[in-house]
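Breakdown of the fold
Single-letter residue listing:
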Protein chains: 2
Amino acid sequence: MGESVLFEFLHREMVTRVQSQAGDTEHGKCVSTLEGMGFRAGQGLIERFTKEAPAFKDELDVMKFICKEFWTNLFRKQIDNLRTNHQGTYVLQDHRFRLLTPVSNGKQYLEEAPKFLAFTCGLVRGALSNLGIDSTVTAEVSVMPACKFHIVMQKP
Amino acid sequence: MGESVLFEFLHREMVTRVQSQAGDTEHGKCVSTLEGMGFRAGQGLIERFTKEAPAFKDELDVMKFICKEFWTNLFRKQIDNLRTNHQGTYVLQDHRFRLLTPVSNGKQYLEEAPKFLAFTCGLVRGALSNLGIDSTVTAEVSVMPACKFHIVMQKP
């Protein structure tokens, strides 16, 4: 448990620091900085995780890998629900997202949530990018600590 | 393994970012920023780890806890060697420190090492601080990825 707690504490420190540097008004800058850090980490992580994985059949196969192996490796649980329109849009639902639990006590934190999801959006985008898929990844929170990640793949 | 890798990647991203912001000349500023982030994380972590731990008899007892439980929880191994002069100075040796392994290929990285140890120095100082011990914590690398942490406790 220690290692994951260590990651959570470091993640929180990083969010706090990036936020304080961006200033209160520059919410977008803060989110994009964190997303960029996640992107580079995601690129490195997927390389390690796919070393012994079989080649992927198609896009959906990649997404299943992200929802199962990738998520479990990083967050100790699978994505709870995966939906797709079969046209390059995927919605990944996590009913209890680990990085939100420290800020999930009370509605007043709802507006803080995007900052705690930006790094993870980047992780997913970086992982997909390394597998040859360009995408945009955004996150949505309605009731903490549940959240949805929306992935829209770019047509080549 | 995924969670620890996630921490390593995030840690590396954070070092890179703090460094690029501090500028090449401001090595000391970079180290002190990272140390401060570690300090706050260490304070939080030790609270969780000592919830069910028995009270400590003395300073040495605290240091043994740091070398065993604290280190194992965070880095999957104990400190390899603990020395003390019994006057408030402790030297903790880790023969294979996890956060150095990504940068341990080659001598040219030796000067980079302090940046990769600063967060951990802060972790230890924060943990001790929460246990009522003020200290200064510095790190020393001779042959990577081995390193020593020097802890000097302040007399009350």
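See the structure above.
Owing to the predicted nature of the structure, the values given are computational and were not obtained by experimental measurement.

Re the interface of chain A and chain B
- On the side of chain B, 32 residues touch chain A, which itself brings 32 residues to the contact.
- Counting every contact that joins chain A to chain B gives two salt bridges.
- Across the pair B:Glu13 and A:Arg40 runs a salt bridge whose closest N-O atoms are separated by 2.9 Å.
- Our count for the contact surface shared by chain A and chain B stands at three residue pairs in polar contact (both at pLDDT 80 or more).
- Only helix H1 (2-22), helix H2 (27-49), helix H3 (59-75) and helix H4 (113-130) of chain A provide two or more residues apiece to the side of chain A that touches chain B.
- Counting residues per element, the side of chain A that touches chain B draws most heavily on H1(A), at 16 residues.
- Among the residues forming the side of chain A that touches chain B, the class breakdown is 16 nonpolar, seven polar and nine charged.

Comments concerning helix H3 (residues 59-75) of chain B
Residue and element names in this part refer to chain B.
- Between its first and last C-alpha, H3 extends 22 Å over 17 residues, near the 24 Å set by a 1.5 Å rise per residue.
- Where H3 bends most, at Ile66, the angle is about 35°.
- When H3 is considered as a whole, its buried residues turn out to be Val62, Met63, Phe65, Ile66, Cys67, Phe70, Trp71, Leu74 and Phe75.
- For H3, the side-chain oxygen to backbone nitrogen distance between the N-cap and Leu60 is 3.3 Å, and the N-cap itself is Asp58.
- Phi for Arg76, located one or two positions after H3, is positive at around 65°.

Calculation notes
- Residues numbered from 1 in each chain as written.
- Chains lettered and ligands numbered in written order.
- Predicted model: local features only at pLDDT ≥ 70, side-chain atom pairs only at ≥ 80, totals over all residues.
- Heavy atoms only, no water.
- Contact = heavy atoms within 4.5 Å.
- Salt bridge = Lys/Arg side-chain N within 4 Å of Asp/Glu carboxyl O.
- Polar contact = N/O pair within 3.5 Å; in protein donor to acceptor, adjacent residues only side chain to side chain.
- Helix = DSSP H or I, 4+ residues; strand = E, 2+ residues; numbered from the N terminus.
- Nonpolar A, V, L, I, M, F, W, Y, C, P; charged D, E, K, R; others polar.
- Expected span 1.5 Å × (residues − 1).
- Bend = angle between axes of the 7 residues up to and from the residue.
- Buried < 20%, exposed > 50% of the residue type's maximum accessible area, 1.4 Å probe, protein only.

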